[in-house]
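In case you want the letters, here they are:
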Amino acid sequence: MKPTNAFLALAPVTALTLSLESFGAAGMAHAESHPDMAGHGSMHVTKSPTCGCCGAWVALAREAGYEVEVTDTRDVTSVKLENDVPGALWSCHTAEIEGYTIEGHVPFAALNRLLDERPDIAGIAVPGMPVGSPGMGTDPSARYDVIAFGGDAASGEIFHRAGQ
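Keep in mind the model is a prediction, meaning the values are calculated, not measured.

A. Structural detail: helix α4 (residues 108-117). Turning to α4, its buried residues are F108, A110, L111, N112, L114 and L115. Looking one or two residues beyond α4, the residue adopting positive phi is R118, at roughly 50°.

And the structure:
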């Protein structure tokens, strides 16, 4: 192969490799720019393999500095039942972190507060899939409630008000 042809054949591969390496370094630097998350354990998210909004929430969790492990399953119901998430609070995905259950598109300000304050509750939930919540269009001005459940939480107790 002529040197010019060899160069032209390898140039796209080299460019792609350098781009991916640069992207990885930028992503790591961005994640490290969130020192508040450094002390929190690994989060485990159970979601449907076909749910794009759940994947978007996971991507945002990682961007916020959380270490996230994902299990894709068609049986998301069993995880909700195992974690005693009240049926009225169900959403599309369920996360577990540091002994708490996180149901649905919970904003990271509420998750941070939960992990910092450590109240005697089972978890927090954003029922349904509110437009503008993380992973659902992500609109900081979207208004919806994050509900506490289990433990000392009263039925329907508002833990956090998003967009207020």
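B. Spotlight on the packing of aromatic side chains. Inspection of every chain in the model, using the stated rule, returns two aromatic pairs. Centroid distance Y66 to F108: 6.2 Å. Interplanar angle 35°. Geometry classified as tilted. Here Y66, found in the loop between α2 (52-63) and β2 (68-72), pairs with F108, found in helix α4; they are 42 residues apart in sequence, far enough to count as distant. Overall, Y66 belongs to the buried group, its relative accessible area being 4%.

C. Main features of α2. Between its terminal C-alpha atoms α2 stretches 16 Å, which fits the 16 Å expected from twelve residues at 1.5 Å a residue. The set of residues buried in α2 consists of C53, C54, W57, V58 and A61. Projected down its long axis, α2 shows its buried positions confined to an angular sector of 145°, all on one face. G65, located one to two residues past α2, shows a positive phi value of around 105°.

D. Spotlight on the environment of A154. Counting through the fold element by element, A154 comes out in the loop between β6 (144-149) and β7 (158-162). Judged by its relative accessible area of 46%, A154 falls in the partly exposed class. In the structure, A154 is positioned 33 residues away from I121 in sequence and 9.5 Å away in space, judged by C-alpha atoms.

E. Here's a closer look at the pattern of salt bridges. Inspection of the entire model under this criterion finds five salt bridges. Ionic pairing is found between R118 and E98, a salt bridge with its closest N-O pair at 2.9 Å. With R118 in the loop between α4 and β5 (123-125) and E98 in the loop between β3 (94-97) and β4 (100-103), the pair connects residues that are 20 residues apart, well separated along the chain. Across the pair R113 and E117 runs a salt bridge whose closest N-O atoms are separated by 3.2 Å. Of the two residues, R113 and E117 are both situated in helix α4; the distance of four residues between them amounts to about one turn of the helix.

F. Fine view of the environment of H93. With respect to the helices and strands, H93 occurs in the loop between α3 (77-82) and β3. Spatially, the C-alpha atoms of H93 and D72 are 9.8 Å apart, while their sequence positions differ by 21 residues. In this view, H93 contacts V45, T46, K47, C54, W57, K80, I102, E103, G104 and H105; residues no more than four positions away in its chain are not counted.

G. Broad picture of the side chain of E103. With respect to the element layout, E103 can be found in strand β4. A relative accessible area of 0% places E103 in the buried class. At 2.6 Å, the side chain of E103 forms a polar contact with the side chain of K80. Reaching out from E103, the side chain makes a polar contact with the side chain of T94 at a distance of 2.5 Å.

H. Summary view of the sheet that holds strand β1 (residues 43-47). Here seven strands make up an open sheet; going across it, the order is β2-β1-β3-β4-β5-β6-β7 and the pairing mixed. In this open sheet, the two edge strands, each paired with only one partner strand, are β2 and β7. For this sheet the average axis-to-axis angle between neighbouring strands, irrespective of direction, equals 20°. Packing against the sheet, α2 makes contact with β1, β2, β3 and β4, and its axis sits at approximately 170° to β1.

About the thresholds
Residues take numbers from 1 onward in each chain, read along the sequence in its written order. Residues qualify for local features only when their pLDDT is at least 70, as the model is predicted, and side-chain atom pairs are given and counted only at 80 or more; totals for whole chains, interfaces and linings, by contrast, use all residues. Excluded from the side-chain calculations are hydrogens and water; all other atoms, namely the structure's heavy atoms, are used. Remark: exposure states derive from per-residue accessible area (1.4 Å probe, protein chains only) relative to the maximum for the residue type, with buried under 20%, exposed over 50%, and partly exposed in between. Put simply, DSSP marks the helices as runs of H or I at least four residues long and the strands as runs of E at least two long, and each gets a number from the N terminus on. Two rings belonging to Phe, Tyr or Trp (six-membered ring only in the last case) form a pair when the distance between their centres is within 6.5 Å. Interplanar angles under 30 degrees mark stacking, angles over 60 mark edge-to-face geometry, and anything in between is tilted. Helix span, expected: 1.5 Å multiplied by one less than the number of residues in the helix. What the arc describes is the spread of directions from the helix axis to the C-beta atoms. Whenever a carboxyl oxygen of Asp or Glu lies within 4 Å of a side-chain nitrogen of Lys or Arg, that contact is scored as a salt bridge. The criterion used for residue contact is that any of the two residues' heavy atoms lie within 4.5 Å. Whenever two N or O atoms come within 3.5 Å, that pair is a polar contact, provided that in protein one can donate a hydrogen and the other can accept it, and provided that, for residues adjacent in sequence, both atoms are side-chain atoms. In this description, strands pair whenever DSSP reports at least two bridges between them. Lines fitted to C-alpha atoms define the axes here, with helix axes fitted over just the stretch in contact, and angles between the N-to-C directions of these axes take values from 0 to 180 degrees.

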